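Structural features, examined
Each chain, letter by letter, is given below.
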Amino acid sequence: MLEYLPQDIREELAAAQRRAARRKSRLRVQVGDAVFPVLRLWDDGLALDGALAPQLRGLVDIYEGGRHLFQALIVASAEDSGEIVCDFKRMTVVTETPPLDFWKDENAPAGLLPKL
């Protein structure tokens, strides 16, 4: 149906869809001081708006609002129909506490009483 519309109207419709997706998403990518909104996120990649984001490569942080969700290593990015599609080599979940370097027993006492 869109093929019957003039080219300039099709471009404006596509731009309006990208703006709506950017507004709807709370996800963002932070590279140093630069911040870019995320259009889509999946297991091994993400899509950014091609008009706003450059070709990315390296370690990035992914946030949802103010909450830090992931750290990802981008190994490749390519432009596809106005979007920058980035592929991850790894994506690590950010936790609030540091990882333990020992095994914690489930039945361990909560505390020890001193001798009297």
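You'll find the structure just up there.
Owing to the predicted nature of the structure, the values given are computational and were not obtained by experimental measurement.

Parameters and conventions
Residues numbered from 1 in each chain as written. Predicted model: local features only at pLDDT ≥ 70, side-chain atom pairs only at ≥ 80, totals over all residues. Heavy atoms only, no water. Helix = DSSP H or I, 4+ residues; strand = E, 2+ residues; numbered from the N terminus. Buried < 20%, exposed > 50% of the residue type's maximum accessible area, 1.4 Å probe, protein only. Contact = heavy atoms within 4.5 Å. Areas by Shrake-Rupley, 256 points an atom, 1.4 Å probe, with all protein chains shown as cover. Lys, Arg positive; Asp, Glu negative; His and termini not counted. Charge placed at Lys NZ, Arg CZ, Asp CG, Glu CD. Patch = residues over 30% accessible without salt bridge, like charges linked within 9 Å, V, L, I, M, F, W, Y side chains within 5 Å. Salt bridge = Lys/Arg side-chain N within 4 Å of Asp/Glu carboxyl O. Pairing = 2+ DSSP bridges. Axes fitted to C-alpha atoms, helices over the stretch in contact; angles between N-to-C directions. Core = buried A, V, L, I, M, F, W, Y, C linked by side-chain atoms within 4.5 Å.

1. Topic: the overall build of the chain
Within the chain, the regular secondary structure consists of one helix and six strands. Each helix and strand of the chain, placed in order from N terminus to C terminus, yields the pattern α-β-β-β-β-β-β. With the C-alpha coordinates aligned to their principal axes, the bounding extent of the chain is approximately 90 × 25 × 25 Å. With 116 residues in all, the chain has 25% of them scored as buried. Summarising the internal contacts of the chain: among those between residues at least 6 apart in sequence, 43% fall at separations of at least 24. In the form shown here, the chain has an accessible surface area of approximately 8,900 Å², with 55% of it arising from carbon and sulfur atoms. Here the chain contributes 15 positive and 18 negative side-chain charges, whose respective centroids are spaced 4 Å apart.

2. Looking at a nonpolar patch on the surface
A cluster of nonpolar residues, Leu-5, Ile-9 and Leu-13, forms a patch on the protein surface that exposes about 220 Å² of accessible area. The residue Leu-13 is located in helix α1 (residues 7-24) in this model.

3. Thoughts on the pattern of salt bridges
Inspection of the entire model under this criterion finds two salt bridges. Taking the shortest distance from any N to any O, the salt bridge between Glu-83 and Arg-40 comes out at 2.5 Å. Placement of Glu-83 in strand β6 (residues 83-93) and of Arg-40 in strand β2 (residues 34-42) is noted, with a sequence separation of 43 residues between them. On the accessibility criterion, Arg-40 (42% relative accessible area) is partly exposed. Between Arg-67 and Glu-64 there is a salt bridge; the shortest N-O distance is 3.1 Å. Glu-64 sits in the partly exposed class, given a relative accessible area of 32%.

4. Quick notes on the sheet that holds strand β5 (residues 67-80)
The strand order around the closed barrel formed by six strands is β1-β2-β3-β6-β5-β4, and the pairing between neighbours is antiparallel. Neighbour to neighbour, the strand axes of the sheet diverge by 45° on average, direction disregarded. As paired elements, strand β1 (residues 27-31) and β2 share four bridges and run antiparallel to each other. Pairing of Gln-30 across the sheet is with Val-35, part of β2.

5. Looking at the nonpolar core
Ranked by internal contacts, the top residues of the largest apolar core, which has 17 residues, are Val-29, Leu-46, Leu-48, Leu-56, Ile-62 and Cys-86. Put simply, the parts of the chain that give this core at least two residues each are β1, β2, β3 (45-49), β4 (58-64), β5 and β6. When residues of this core are assigned to their parent elements, the largest contribution, four residues, is made by β5.

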